[in-house]
Amino acid sequence: MMKNYLITVKLCMIAVVWMINACQPASTSTPLRSTNLSLPLSSRVTPTASKKLVIMLNSSDSLIRYEVGNPSFRGRTTVEVKGDRQVTVRFEQNTQNDVYAGTLSMEEFTTFQKTLQSNQPFSITSTQTVGKPGEAKIRLTGRNDDQEQSTEFWSNEQWQIPTLQNLVSSFNKIATTISGGKVRY
C-alpha cells in the first residue's frame, strides 16, 4: 500500500511540473532593440482589443516576427521580416544557434505583404488555453512605428484556423528560402 502511495505522489509531482512548464511563455530569442518585447506578454502595452495592429511592413522599422518551438526540446525557429525586405532566420536547439540573413525579392516581399493583409495575424484569436504534451507554441510579434503587439497560439491550432495556417506556411517558406533549405519546421 505504501508503494502505491509513493507512485501516486511521484505521478502528481510530474504532472505539476509539466503543467508549470507548459504554462510558461516562450522567451524571445533576441530583443529587437530596447523595446518592451523582452517583457512577459502580460506586462506589455498593446493596443486595445478594438485596435488590432495591422502590419504593413512599409518602413525599415516595421517588422513581424514568427517564433515556433522550444530550444530545449526539438528547437525553436524564428523568422523576422522587416519592412525593408531584410529577413533573419534563426534556429536554436540546446547549444546550437544557426543564423541566416537575406533579402526577399520584391515579388516575394509583395506576396508576403498580401498574405499579411489578407490573414491579419493580430485579428486571429487562439481557441486553446492549454496545449497537448510536447506541443509547441507559435508566437507572432509585430511592430509598426512605435506600436507593438504579440499573440500566441498552440501549434496544432493552425489545422483548425485557416488564416493561421496561411501565415505559418508563408513563414516556413521564407525560412526555407533564406536558409537555403537548412531550416525547416
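With 29 residues, the main nonpolar core has Val79 and Val81 as its most contacted residues. Elements with a minimum of two residues in this core: β1 (63-70), β2 (75-82), β3 (86-93), α2 (106-119), β5 (137-144) and α3 (162-178). Considering every element that reaches this core, the biggest residue donor is α3, with 7 residues. The residues contacting Val81, other than those within four sequence positions of it, are Leu57, Ser62, Leu63, Ile64, Gln86, Val87, Leu104, Phe109, Phe112, Phe171 and Ile174.

Before going further, it helps to examine α3. Taking 1.5 Å as the rise per residue, α3 with 17 residues should run 24 Å; its terminal C-alpha atoms sit 24 Å apart, in good agreement. The set of residues buried in α3 consists of Leu164, Gln165, Leu167, Val168, Ser170, Phe171, Asn172, Ile174, Ala175 and Ile178. Gly180 sits one or two positions beyond α3 and adopts a positive phi of about 65°.

Among the secondary structure elements, Thr141 is positioned in strand β5. Thr141 sits in the buried class, given a relative accessible area of 1%. Here Ser150 takes part through its side chain, which lies 3.1 Å from a polar atom of the side chain of Thr141.

Secondary-structure assignment places Thr95 in the loop between β3 and β4 (96-103). Along the sequence, Thr95 and Pro71 sit 24 residues apart, while their C-alpha atoms lie 8.8 Å from each other.

So, on to the pairing of β5. Taken across its 8 residues, β5 has 7 buried, putting it largely inside the fold. Hairpin connection of β5 to strand β6 (residues 147-154): 2 residues between the antiparallel strands, including Asp145 at a positive phi of 50°.

Opposite charge on two side chains permits them to pair, given that their charged atoms come into close proximity. Tallied over the entire structure, the rule returns 4 salt bridges. The partner of Glu92 in a salt bridge is Arg76, and the shortest N-O contact between them spans 3.9 Å. One end of the pair, Glu92, is in strand β3; the other, Arg76, is in strand β2, with 16 residues separating them in the sequence. Using a relative accessible area of 15% as the deciding quantity, one classes Glu92 as buried. Of the charged contacts, one joins Arg139 and Glu152 as a salt bridge, the two residues approaching to 2.6 Å between their closest N and O atoms. Of this pair, Arg139 sits in strand β5 while Glu152 sits in strand β6, and the two are 13 residues apart along the sequence. Take Glu152: its relative accessible area is 14%, and that puts it in the buried class. Among the charged side chains, a salt-bridge network with shared partners connects Lys137, Arg139 and Glu152.

Definitions and cut-offs
Residues numbered from 1 in each chain as written. Predicted model: local features only at pLDDT ≥ 70, side-chain atom pairs only at ≥ 80, totals over all residues. Heavy atoms only, no water. Core = buried A, V, L, I, M, F, W, Y, C linked by side-chain atoms within 4.5 Å. Buried < 20%, exposed > 50% of the residue type's maximum accessible area, 1.4 Å probe, protein only. Helix = DSSP H or I, 4+ residues; strand = E, 2+ residues; numbered from the N terminus. Contact = heavy atoms within 4.5 Å. Expected span 1.5 Å × (residues − 1). Polar contact = N/O pair within 3.5 Å; in protein donor to acceptor, adjacent residues only side chain to side chain. Pairing = 2+ DSSP bridges. Salt bridge = Lys/Arg side-chain N within 4 Å of Asp/Glu carboxyl O.

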